[in-house]
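Single-letter residue listing:
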Amino acid sequence: MSKIYIKMMTDRAYEHLKRNLGVIANKIKDNDDNSWVLDEFIDYPFVEKKYEIEDFVLEENKESSDKKLDFQNSVTLYNALKNLPTFIITNEKFWLWLYFEKFYKVTKSMMEIKGVSTVRDHWMFGQGIRRGLMFGVLSRCFFRVSLTIDESRKDKFELTKWIVELPERYRNLTWRVYSSEKHLVRGIISGEKKAVEKIGFENASFYPSIAKYVSRIGSVKFLDVIEEKDIETLVYDKMIEYYNTIKK
Amino acid sequence: MQVRSKLFPYPVLNHNIINSSYFNKIFELSFERVDSKNGILLRNIKFKTDSNYILDLFRNGLIGVKCVIECSYTVFRRTYELSTEDGNNILLDKNDFDGKVEISSFAYAKENFILFSDEFSDEYKGMEFEIDKYDLIAINDGFIAKFEHLETEENVAKSIFNITFDNNIEEDGMYEVKYEGGKKINIYLSRNEYQNYKVVYNSVGFKEVFFSMLLVPVLTEAFTTIKKLTELDTFSDIEDICTQYGWFYSIKYRYNQLKNHELTKDDILEWSPIQIAQEILGKPFATSLCNILDVVKNNKEGDSDNE
């Protein structure tokens with residue numbers, strides 16, 4: 001594939017989207033292609049930037065139901081974008097180019113538009129930058145890989161595959177500030193995974209409690225410096241404790 | 001990472017004396033700040049303390065000290081090892097940040113040990129505490145650096161204003177303005193008036209007319225608000241204004257160019273909003289008047305020719 005320059009949504013177009021969210025949500029819902037976008041904005045709503053990436057394609061995946069495809073798309077997205085500067089990859093206007101121009105059809109296929117809230121929360125970063133990145137239809141795919149890839153494992157995507165299979169295993173962590181520390185996310189996911197493998201069944205209702213448990217550790221201890229193995233052990237022990245309560 | 005006034009079940013040396021359980025001791029970051037186009041270099045970064053007890057714990061390997069760099073907008077968070085010696089540098093790479101970046105430092109336990117010192121404040125004197133690995137021992141909430149990726153600095157109007165349309169605005173000649181909560185002042189027109197504006201804006205010689213019609217009054221109102229809030233002592237400094245009104249960065253930048261000195265709160269208290277708005281936008285009135293005059297003259301000549 002050839003190289004392309006990335007684009008970002010212009011300030012003007014972004015402001016227009018935020019101001020006319022109801023209208024935009026309906027247009028996305030009613031249109032399977034993005035030919036309406038240029039009419040809506042009057043001016044071309046994207047601006048090319050100096051950063052180059054290898055061009056890439058993503059496959060349509062109805063409501064992300066095909067987990068294997070979800071994983072493949074996530075890895076493709078990560079590999080294509082991983083070398084961009086952090087301030088670009090975390091900028092909502094960059095993702096809006098992907099949503100409204102480059103991957104409109106794919107984005108729309110991955111999540112049913114149930115109403116304005118779907119567009120606000122999963123396309124438009126309506127709940128702030130962290131939640132926007134971790135909730136966004138495509139941005140969350142990128143961060144699932146970025147936060148769990150582990151070069152020290154035989155299969156570096158072992159943890160990525162595990163969370164794509166059931167996003168609840170990881171979702172609750174990502175809203176918390178400590179999830180910016182990749183070694184903590186990997187350690188927590190590892191602890192959860194080991195416990196599930198040890199017990200032999202899974203109760204997804206424990207995952208929000210684990211996210212809170214780690215926050216509690218951080219209320220006294222210096223969470224950032226806790227080694228990956230140590231947080232893994234702490235989470236594993238807590239998960240086993242939770243499972244023992246339901247066994248009894 | 002900001003600990004602020006959080007309480008701990010054991011004595012913690014906090015650089016903010018009000019929250020410290022040590023008597024009159026400091027714990028701080030020391031470095032030389034070197035600004036460059038790639039970011040900020042914190043040269044020879046190290047920690048300093050006058051607590052002999054904390055220094056002993058560090059020298060004996062019972063505690064470590066780390067600097068935490070965090071930017072909520074780019075979800076960046078990373079720690080860096082510190083010592084008491086020169087020779088360590090941290091580069092805050094501009095590519096990693098946007099907006100506010102918090103730089104703080106913490107001492108933490110590297111293993112379990114008993115905390116006991118005659119440096120504790122009176123309420124803890126003579127008491128021992130069991131410390132676990134990773135417990136916080138000393139805190140400095142540090143300082144905040146700012147990073148901006150301004151790309152339109154050369155175009156004053158574009159760097160301050162964002163003009164767009166709202167399908168819900170009636171076509172009756174009214175427009176709406178929003179100053180707060182964004183990097184730019186947003187001006188909303190009706191769809192039809194936005195299309196007309198685009199034609200005028202892109203016509204040679206009419207940009208200044210548009211500046212006089214729309215941008216000068218909008219900026220005047222914004223400056224009046226900023227001046228009133230400054231009079232009420234709402235802002236600690238110019239950076240504080242920029243944090244609350246992102247577009248003010250461009251004003252500061254342009255003002256410094258025009259006046260050849262750094263904008264201060266005193267300047268704002270003394271300025272005339274309508275005058276400074278005209279200056280910032282390149283005094284567009286005279287140019288726009290001349291342009292309209294040319295059009296009027298051309299029309300008259302056309303009328304004479306027709307006669």
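Residues numbered from 1 in each chain as written. Chains lettered and ligands numbered in written order. Predicted model: local features only at pLDDT ≥ 70, side-chain atom pairs only at ≥ 80, totals over all residues. Heavy atoms only, no water.

A. Region of interest: the side chain of Lys 25 of chain B. Structurally, Lys 25 of chain B can be placed in the loop between β1 (13–14) and β2 (27–36). Sequence-distant contacts of Lys 25 of chain B, defined by excluding residues within four places in its chain, comprise Leu 13, Asn 14, Asp 50, Ser 51 and Glu 119 of chain B. (Helix = DSSP H or I, 4+ residues; strand = E, 2+ residues; numbered from the N terminus. Contact = heavy atoms within 4.5 Å.)

B. Region of the structure containing the nonpolar core. Of all hydrophobic cores here, the largest spans 138 residues; its most connected members are Leu 81, Phe 94, Trp 95, Phe 100 and Trp 123 of chain A together with Leu 115 of chain B. Contact partners of Trp 123 of chain A, with chain neighbours within four places excluded, come to Ile 28, Leu 96, Tyr 99, Phe 100, Tyr 104, Thr 107, Lys 108, Ile 113, Thr 118 and Val 137 of chain A. In this structure, Tyr 194, Phe 210, Ile 276 and Ile 280 of chain B belong to the second largest nonpolar core, which totals 40 residues. (Core = buried A, V, L, I, M, F, W, Y, C linked by side-chain atoms within 4.5 Å. Buried < 20%, exposed > 50% of the residue type's maximum accessible area, 1.4 Å probe, protein only.)

C. The sheet that holds strand β5 (residues 76–82) of chain B, seen in detail. Residue and element names in this part refer to chain B. The five strands are arranged β1-β10-β7-β4-β5 in an open sheet whose pairing can be described as mixed. Either end of the sheet is taken by a strand with one partner, and the two such strands are β1 and β5. Sheet topology places strand β7 (residues 99–109) next to strand β10 (residues 136–147); nine bridges connect them, and they run antiparallel. Residue pairing across strands places Ala 107 opposite Ala 138, the latter belonging to β10. Sitting on the sheet, helix α1 (residues 52–59) is in contact with β1, β4 (63–71), β5 and β10, with an inclination near 95° to β4. (Pairing = 2+ DSSP bridges. Axes fitted to C-alpha atoms, helices over the stretch in contact; angles between N-to-C directions.)

D. Spotlight on the domain arrangement of chain A. All names here are of chain A. Segmentation of chain A into domains returns domain 1 (3–146) and domain 2 (158–247). Taking only C-alpha atoms into account, the centre of domain 1 sits 29 Å from that of domain 2. Taken residue by residue, the interface counts 11 residues in domain 1 and 14 residues in domain 2. Taken together, both faces of the contact between domain 1 and domain 2 bury some 1200 Å²; the carbon and sulfur share is 61%. The three residues of domain 1 that bury the most area against domain 2 are Phe 71, Arg 130 and Arg 144, which together make up 50% of that side's buried surface. Across the contact surface, domain 1 and domain 2 share zero salt bridges. Linking domain 1 with domain 2 are four residue pairs in polar contact (both at pLDDT 80 or more). Elements supplying a minimum of two residues to the side of domain 1 that touches domain 2: α4 (67–81), α9 (129–135) and α10 (139–148). (Domains from an automatic or database assignment. Buried area = accessible area lost by both parts, 1.4 Å probe. Salt bridge = Lys/Arg side-chain N within 4 Å of Asp/Glu carboxyl O. Polar contact = N/O pair within 3.5 Å; in protein donor to acceptor, adjacent residues only side chain to side chain.)

E. Structural detail: the interface of chain A and chain B. The interface is formed by 36 residues belonging to chain A together with 45 residues belonging to chain B. Taken over both partners, the interface formed by chain A and chain B buries close to 3500 Å², and the fraction arising from carbon and sulfur atoms is 50%. Together, Arg 19, Phe 87 and Phe 222 of chain A form the three largest contributors to the area buried by chain A at its contact with chain B, with a combined 20%. On inspection of chain A and its partner chain B, the count reaches seven salt bridges. Salt-bridge contacts for Lys 221 of chain A lead to Asp 135 of chain B; the nearest nitrogen and oxygen are separated by 3.0 Å. Along the contact surface separating chain A from chain B lie 28 residue pairs in polar contact (both at pLDDT 80 or more).

F. Local environment of the pattern of salt bridges. Residue and element names in this part refer to chain A. Enumeration according to the criterion identifies 39 salt bridges over all chains in this entry. Asp 150 is the salt-bridge partner of Arg 153, the closest N and O atoms lying 2.8 Å from each other. Looking at Asp 150, the relative accessible area reads 6%, which means it is buried. One connected set of salt bridges, linked through shared partners, spans Asp 150, Arg 153, Glu 158, Lys 193 and Glu 197.

G. Region of the structure containing the sheet that holds strand β12 (residues 176–178) of chain B. Residue and element names in this part refer to chain B. The three strands lie next to each other as β11-β13-β12, forming an open sheet whose pairing is mixed. Looking at which strands have only one partner, the edges of the open sheet turn out to be β11 (161–165) and β12. Looking at each pair of strands side by side, their axes are set apart by 20° on average, direction ignored. Sheet topology places β12 next to strand β13 (residues 185–189); three bridges connect them, and they run antiparallel. Across the sheet, residue Val 177 finds its bridge partner in β13, namely Ile 187.

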